[in-house]
Amino acid sequence: MTDELELKFDALAVGAFKSVGRPVARREDLRLITGKGRFTDDFNEPGQVVAVLVRSPYPHARINRIDSDTAKQMPGVLAIYTGEDCRADGLGIISHSPVPSTRSDLKLTAPGGGAIFEGPHALLPVDKARHVGEGIAMVVAESHRQALDAAEHVRVDYEPLPWVADSAVAIRDGAPTVWDEVPNNVCVDTRFGDTAATDAAFASAAHVIEMEFPIQRVTATPLEPRAALGQYDEASGRYTLNAGSNGAVTHKRQIAGALNVDPENIRVLCFDVGGNFGTKNRVYVEFGLVLWAARKIGRPVKFLATRSESFLSDYQGRDLLTRVELALDADGTFLAYRASNLSNVGARIVSLSPLGKGAPLVTGSYRIPAAEVRAWAAFTTTTPTQAYRSSGRPEVIHALERIIDTAAHRLGFDPIALRRKNLVSSEEMPYTNAFGITYDSGDYIKSMDIALRLADWDGFEARALAVRERGLRLGRGFANYVESSIGAPRERVDMTISPAGRVEVVVGTQPTGQGHETSFAQVTADLLGIDANAVDIVYGDTDIVAEGGGSHSGRSMRHASTAIYGAIEKLKVYAIELAADVWGIETQAIGYGDGRFVETGGARRFDWFELAALEAERAGGGDQRGLRISHSHEMHTPVFPNGCAACEVEVDTETGFVRITKYVAVDDVGRVINPLIVDGQTHGSIATGAGQALWEQCYTDPDSGQPLSGSFMDYGIPRADEMPSFITAFNEVPSPTNPLGVKSGGEGPTTAALAVIINAIVDALRDLGVDDIPMPATPFQVWQSIRDAQG
Amino acid sequence: MIPLQLKVNGEPVAAEIEPATLLVELLRDQLGLTGTHVGCDTSQCGCCVVHVDGVALKSCTLLAISAQGSDVVTIEGLATGATLHPMQKAFHECHALQCGYCTPGMIMSAVALLERNPDPNEAEVREGLEGNLCRCTGYHNIVRAVLAAAAEMRGG
């Protein structure tokens, strides 16, 4: 499939796009700006009751007994369920399929090479609580307040056990064991790369720089807390779930597994989703529990997480300890790179995407001929981690771009010149890196030049002097990035062109704010040669959407546009046969262009809708919907969005306060379908990274193992007055791997943001002796780093 | 249950409420006005901002009974018929929303901001929206939209 499409790519590239590439304002906005969005909690059903979870207050505790007798007698209480009830009813576990599995993913294994023990995810546990906030029992009552009151009276006899929150501690001898099956907590341990070549290069290097970076744990905090509404229809035996996610189809399958029912008896509905960023990609226990409870009680059951619950039990992000070494020769040529990446997966493995995606990208945008990475992971008594905006890549790019800056300053190279010297050039594309991963395309040096110009890099000294006169310091930072977009390989489109002049496109991937209804319509319209306003995009109901991989890993536009393209190519063949039949001529005598089928050398022509009318007419009493086509495709070839960022920060050395005063992002997302939407993705993506660099941290109290970041008052997501306006530009290099030339937007800018901001802060403070600052670089941390540097 | 009378989006409303009912619960659960959202439980996110007697307030932090006799405007009441409020129009044109969850509260706060200061600069807009969190836009296009709406409203 992919090979076939590659051949056709040139033809598409020269074709005239009418809507693709234009900043079309979104059609989904109208409902959202008038209060008519359809978010999960906006749905209510007659007779609906409310579920509340009893959550563990301990990071690690054996569950000896659960006494709910008192709670069951309380007003409005309908049922209280425990892990034993789930087990007795034959419920299964949530199968997260956490190991990345496309053909191009490096294969992660257990230590010694075997299958990975994931830590089974029952809807409610029977043995132990393995993190604070893990659901232990569920109360269902007539009202939310009644359920909350009863939950307080569910008495759980916990036996607190030793806990461990830090992955570096969890791997030590004698650390508390999270799962008996993995006594030392190390659940993954895999090495990639050429050890001998790397060792040899290090042995011969003129310089070796070594650094360690804890990439702290953060949480996505989409502003819509996770929610679920479950229904069961006794007559049909079917379950219906409303829940926000990145793709209802995957959720349907996984929930069916957890409930031990046929997937066809599950319908998942997902319309507007109030942000995701990775955390809603994976199934939550409440999704299964509300469906199960709805069947047992015979009434619809709703669960709505509070923000505090979200902080405790949303799957979290990052938490990687990475130790890296860079070998250089005397003139600054990069020779080799080593990395040890230890991931904290939390209480069970929900996803190994971050570890797996980061590992083969540790050498980033640079020509580094020899490299080795150890990718390993440990269980801890913390909330599980999952892919978070730009899964795994910001972590490794942070380490790389920080160590390059450090090498430049320690060895006396200009940091820009050192990068330029070692960047993979456009002539080397497609470039295969030291792990055998092939970067499809890009012009990294051009992106860097654009960014330096937009940032007025050369005018820095004058600005820095002016800032000094105000008693502050100005620092500047730079970072390149390359990231990978792979994701679930299959996607499907069902297209109907109706005699009434409308095109319906049913697609399996799910937007969570990315504007698919607008941008997919742009693509469809241009490929059909029609007006985008005639196209309706349909998603979010598994009774309509048969198949689809969901939005993650920057896959949606690439997969959807490729599936739409494939569907239309198939439909063209059929349409030409139809026209040939009607006109009584050979198919070779019919040409197609700009939405019209034309008789060669004749006057007869049809457009799509006329053919749809003919098709309906011919159907007689049969299917009169018009031209219809289904197309599934499978695409395993990854693409490599890339780019860079430059920024300036003002630092107050007295208070440690940091303000970003300039931020430039240059991104190669491949073909830009809608620049308004992609720019918006860039802005948000920068803020995601800035939050991690400066404020955000899921902090665990080292004495008690208690998470102390439980609300927006003690977890610092970026606010309007802390962000600058951004300067953004595209360096659009279409990918040769898919017909539209799409790479991916929305994750790349996060990938560069951590490093570029820390590089800038360190630059401002370097003459005070500061050569690194751990994230988040809060005022206290910056102040402390200055103090530490000065002894 | 206690009786409550108020105006919501220009229409008189009479309701029977539990004493502890929050204004946002009245709006969402009893009146079906689900455009007003709840994104946190500590009055930080601003997803629930509505106007009460012309003042932008976080409806998650207000007992419904305290709006007795008040004039409440929610996102559903901002447009005039089919004509969007200039702030709604600016949010659309400037792509100031992505997932749309913070948007109703953000728009209601921004409208109130311009009532206090019809000609704000960028820093004033950013400071004025400090009580509304957005995780999608990095605020860039929200700030652009508020400045664009301010210009249009001053012009009109």
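Residues numbered from 1 in each chain as written. Chains lettered and ligands numbered in written order. Predicted model: local features only at pLDDT ≥ 70, side-chain atom pairs only at ≥ 80, totals over all residues. Heavy atoms only, no water.

Give me the overall build of chain B: which residues, what numbers.
On a plain count of helices and strands, chain B comes out with five helices and five strands. On the principal axes, the C-alpha backbone points of chain B span a range of 45 × 30 × 25 Å. The burial tally for chain B puts 55% of its 156 residues in the buried class. Restricting the contact set of chain B to residue pairs at least 6 apart, pairs at least 24 apart contribute 58%. Just so you have it, chain B exposes about 5,900 Å², and 54% of that area is on carbon and sulfur atoms. (Helix = DSSP H or I, 4+ residues; strand = E, 2+ residues; numbered from the N terminus. Buried < 20%, exposed > 50% of the residue type's maximum accessible area, 1.4 Å probe, protein only. Contact = heavy atoms within 4.5 Å. Areas by Shrake-Rupley, 256 points an atom, 1.4 Å probe, with all protein chains shown as cover.)

Describe in detail the domain arrangement of chain B, supporting the description with residues and values.
All names here are of chain B. In terms of domain boundaries, chain B breaks down into domain 1 (2-77) and domain 2 (86-155). Just the C-alpha atoms count here: the centres of domain 1 and domain 2 sit 21 Å apart. Taken together, the 16 residues of domain 1 in the interface contact 16 residues of domain 2. Taken together, the two surfaces of domain 1 and domain 2 that pack against each other cover about 1,200 Å², and 61% of this comes from carbon and sulfur. When the area that domain 1 buries against domain 2 is broken down by residue, the three leading residues are H37, H51 and I75, summing to 41%. Summed over the shared surface of domain 1 and domain 2, the number is six residue pairs in polar contact (both at pLDDT 80 or more). For the side of domain 1 that touches domain 2, the elements supplying multiple residues, two or more each, are β3 (49-52) and β4 (55-58). (Domains from an automatic or database assignment. Buried area = accessible area lost by both parts, 1.4 Å probe. Polar contact = N/O pair within 3.5 Å; in protein donor to acceptor, adjacent residues only side chain to side chain.)

Explain the side chain of T750 of chain A to me, using residue names and the numbers behind them.
All names here are of chain A. Its location among the elements puts T750 in helix α20 (residues 748-765). Take T750: its relative accessible area is 0%, and that puts it in the buried class. When neighbours within four sequence positions are excluded, T750 is seen to be in contact with R318, R389, S390, P394, S685, T688 and G689.

Run through helix α18 (residues 608-619) of chain A, naming residues and quoting values.
Residues and elements named next belong to chain A. Between the first and last C-alpha of α18 there are 16 Å, a value that for 12 residues agrees with the 16 Å anticipated at 1.5 Å per step. Within α18, the full set of buried residues consists of W608, F609, L611, A612, L614, E615 and A616. Between a side-chain oxygen at the N-terminus of α18 and the backbone nitrogen of F609 the separation is 3.0 Å; the capping residue is D607. Positive backbone phi, at 60°, marks G620, one or two positions downstream of α18. (Expected span 1.5 Å × (residues − 1).)

So what about the packing of aromatic side chains? Which residues, and what values?
Residue and element names in this part refer to chain A. Under the definition given, this model contains 22 aromatic pairs over all chains. Judged by centre distance (4.7 Å) and plane angle (50°), the rings of Y81 and W292 are tilted. Here the residue Y81 occupies a position in strand β3 (residues 77-82), and W292 occupies one in helix α9 (residues 285-297), the gap between them amounting to 211 residues. We classify W292 as buried; its relative accessible area is 0%. Ring geometry for Y592 against F597: centres 4.7 Å apart, planes inclined by 50°, an arrangement best described as tilted. Assessed through its relative accessible area of 0%, F597 is described here as buried. Grouped by ring-pair contacts, the aromatic residues F117, W179 and F379 constitute a single cluster. Over the aromatic face of F202 sits the side chain of R338, whose NZ or CZ is 4.1 Å from the ring centroid. (Phe/Tyr/Trp six-rings, centres within 6.5 Å; stacked < 30°, edge-to-face > 60°. Lys NZ or Arg CZ within 6 Å of the ring centre and 35° of its normal.)

Residue-level account of the nonpolar core, with values.
Ranked by internal contacts, the top residues of the largest apolar core, which has 159 residues, are Y337, Y663, I757, I761 and L765 of chain A together with F91 and V146 of chain B. The leading source of residues in this core is α20 of chain A, at 12 residues. Excluding residues within four positions of it along the chain, I761 of chain A makes contact with V649, V651, V658, L694, I773, A777 and V782 of chain A. The next biggest cluster of nonpolar side chains, apart from the first, holds 46 residues, and it includes V20, V523, I564 and L611 of chain A. (Core = buried A, V, L, I, M, F, W, Y, C linked by side-chain atoms within 4.5 Å.)

If you had to explain the environment of E372 of chain A to someone new, which residues and values would you point to?
All names here are of chain A. Summarising the element assignment, E372 is placed in strand β15 (residues 370-379). Note on E372: relative accessible area 8%, which makes it buried. Sequence spacing of E372 and R191 is 181 residues, and the spatial spacing of their C-alpha atoms is 7.1 Å. Discounting residues that sit within four places of it in the chain, E372 has contacts with R191, F192, G193, T195, T198, Y337, R338, A339 and F435. Among the polar contacts made by the side chain of E372, one reaches the side chain of T195 at a distance of 2.7 Å.

Tell me about the pattern of salt bridges, and please be specific about residues and values.
Under the criterion given, the structure shown has 62 salt bridges over all chains. In this structure, R323 of chain A engages E212 of chain A in a salt bridge whose closest nitrogen and oxygen atoms are separated by 2.8 Å. Taken as a pair, R323 of chain A in strand β13 (residues 317-328) and E212 of chain A in strand β8 (residues 207-218) lie far apart in primary sequence, 111 residues in all. Here D119 of chain B and R154 of chain B are joined by a salt bridge, their closest N and O atoms 3.1 Å apart. In this pair, D119 of chain B sits in the loop between α3 (103-116) and α4 (122-128) while R154 of chain B sits in helix α5 (residues 140-155), placing the two residues 35 residues apart along the sequence. (Salt bridge = Lys/Arg side-chain N within 4 Å of Asp/Glu carboxyl O.)

Which residues make up the sheet that holds strand β25 (residues 627-634) of chain A, and what values do they have?
Residue and element names in this part refer to chain A. Pairing in this open sheet of four strands is mixed, and the strands run β21-β20-β19-β25 from one edge to the other. Since the sheet does not close on itself, it has two edges, and those belong to β21 (535-538) and β25, each with one partner. Sheet twist, expressed as the mean angle between neighbouring strand axes with direction ignored, is 15°. Where strand β19 (residues 490-497) lies against β25, eight bridges are found, and the strand directions are antiparallel. The residue of β25 that forms the bridge with R490 is E634. (Pairing = 2+ DSSP bridges. Axes fitted to C-alpha atoms, helices over the stretch in contact; angles between N-to-C directions.)

Go over the confidence of the model for chain A, please, and point to the residues and values.
Mean pLDDT over chain A: 95, with 98% of residues reaching 70 or higher. Residue range residues 1-11 of chain A is modelled with pLDDT below 50. Its contacts to residues more than four positions away, or to other chains, number 21 contacts. (pLDDT = per-residue confidence, 0-100.)

Before we move on, could you go through the domain arrangement of chain A and cite the residues and values that matter?
Residues and elements named next belong to chain A. In terms of domains, chain A is made up of domain 1 (2-37 + 488-634), domain 2 (39-418) and domain 3 (440-486 + 638-791). Contacts between the two partners involve 22 residues from domain 1 and, on the opposite side, 24 residues from domain 2. For the pair domain 1 and domain 2, the summed buried area comes to about 1,700 Å², and 43% of that belongs to carbon and sulfur atoms. By the criterion of area lost to domain 2, the three top residues of domain 1 are Q510, T512 and T542, representing 33% of everything that side buries. Our count for the domain 1 to domain 2 interface comes out at four salt bridges. There are eight residue pairs in polar contact (both at pLDDT 80 or more) connecting domain 1 and domain 2. Among the residues forming the side of domain 1 that touches domain 2, the class breakdown is six nonpolar, 11 polar and five charged. (Nonpolar A, V, L, I, M, F, W, Y, C, P; charged D, E, K, R; others polar.)

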